[in-house]
Amino acid sequence: MTRYVSRAPGWDAAADLTKDPSQVPDPATTAVPQDLRAEIEEYMERYPDRRSAAIPALFAVQRRHGWCAPEGVEQAACVMRLTPAYLMAVATFYDMLETQPV
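Remember, predicted model here, so these are calculated numbers, not experimental data.

The rules behind the values
- Residues numbered from 1 in each chain as written.
- Predicted model: local features only at pLDDT ≥ 70, side-chain atom pairs only at ≥ 80, totals over all residues.
- Heavy atoms only, no water.
- Helix = DSSP H or I, 4+ residues; strand = E, 2+ residues; numbered from the N terminus.
- Buried < 20%, exposed > 50% of the residue type's maximum accessible area, 1.4 Å probe, protein only.
- Contact = heavy atoms within 4.5 Å.
- Areas by Shrake-Rupley, 256 points an atom, 1.4 Å probe, with all protein chains shown as cover.
- Expected span 1.5 Å × (residues − 1).
- Core = buried A, V, L, I, M, F, W, Y, C linked by side-chain atoms within 4.5 Å.
- Axes fitted to C-alpha atoms, helices over the stretch in contact; angles between N-to-C directions.
- Parallel < 35°, antiparallel > 145°, perpendicular 65-115°, else oblique.
- Left-handed = near helix turned anticlockwise from the far one by under 90°.
- Nonpolar A, V, L, I, M, F, W, Y, C, P; charged D, E, K, R; others polar.

A.B. asks: I tried to follow the overall build of the protein chain on my own but got confused; where do I start?
C.D. replies: When helices and strands are tallied, the protein chain shows four helices and zero strands. Along its sequence from the N terminus, the protein chain presents helices and strands in the succession α-α-α-α. The proportion of buried residues among the 102 residues of the protein chain is 34%. Relative to all contacts within the protein chain whose residues are 6 or more apart in sequence, the contacts with residues 24 or more apart total 64%. Here the protein chain has roughly 6,800 Å² of accessible surface; of this, 53% comes from carbon and sulfur atoms.

A.B. asks: What is the right way to read helix H2 (residues 54–65) from this model?
C.D. replies: Since the α-helix turns once every 3.6 residues, residues separated by three or four places project in the same direction. End to end, H2 covers 16 Å across twelve residues, agreeing with the expected 16 Å (1.5 Å per residue, within 8%). Residues Ala54, Pro56, Ala57, Leu58, Ala60, Val61 and Gln62 constitute the buried set of H2. Where H2 ends, the next residue or the one after it, Gly66, has phi of about 90°, a positive value.

A.B. asks: Any chance you could explain the nonpolar core here in plain terms?
C.D. replies: Note that soluble globular proteins tend to have their nonpolar side chains buried in a common cluster. One finds Ile40, Met44, Leu58, Cys68, Met80 and Leu87 to be the most contacted residues of the largest nonpolar core, which totals 23 residues. Looking at this core, the elements with two or more residues in it are helix H1 (34–45), H2, helix H3 (70–80) and helix H4 (84–93). No other element matches the six residues that H3 contributes to this core. Once residues within four sequence positions are removed from consideration, Met44 is found in contact with Arg50, Ala53, Val79 and Met80.

A.B. asks: When you look at the packing of H1 against H2 in this model, what are you seeing that I'm missing?
C.D. replies: Pairs of packed helices are described in terms of their axes, by the angle between the two and the distance that separates them. Where H1 contacts H2, the two axes come as close as 9 Å, and the packing angle between them is 155°. Judged by the inter-axis angle, H1 sits roughly antiparallel to H2. By crossing handedness, the relation of H1 to H2 is classed as right-handed. Along the contact surface, H1 presents Asp35, Leu36, Glu39, Ile40 and Tyr43, while H2 presents Pro56, Ala57, Ala60, Val61, Arg63 and Arg64. Among the residues forming the contact of H1 with H2, the class breakdown is seven nonpolar, no polar and four charged.

Structure representation (structure tokens):
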């Protein structure tokens, strides 16, 4: 019997239920580079639902940082008004998005 092993780190780790639920980052305390903000906002304008721009936004983060770094994911989440957990769920689903440094 072949055992399935995911490439996503922590896929088999139990959830920490003592942590507070993920929140949308506060724009007042989350510094987002202007060029990254403009690129993500441009992607959001192309779709009727802003969540549809998650993959292009994550690619923008990956181009900037070399991978979907937590800081970059938080910046994208701030611009998109989504939780970082939502964007990380998208990033771990698609194998062309790197969730660890390469």
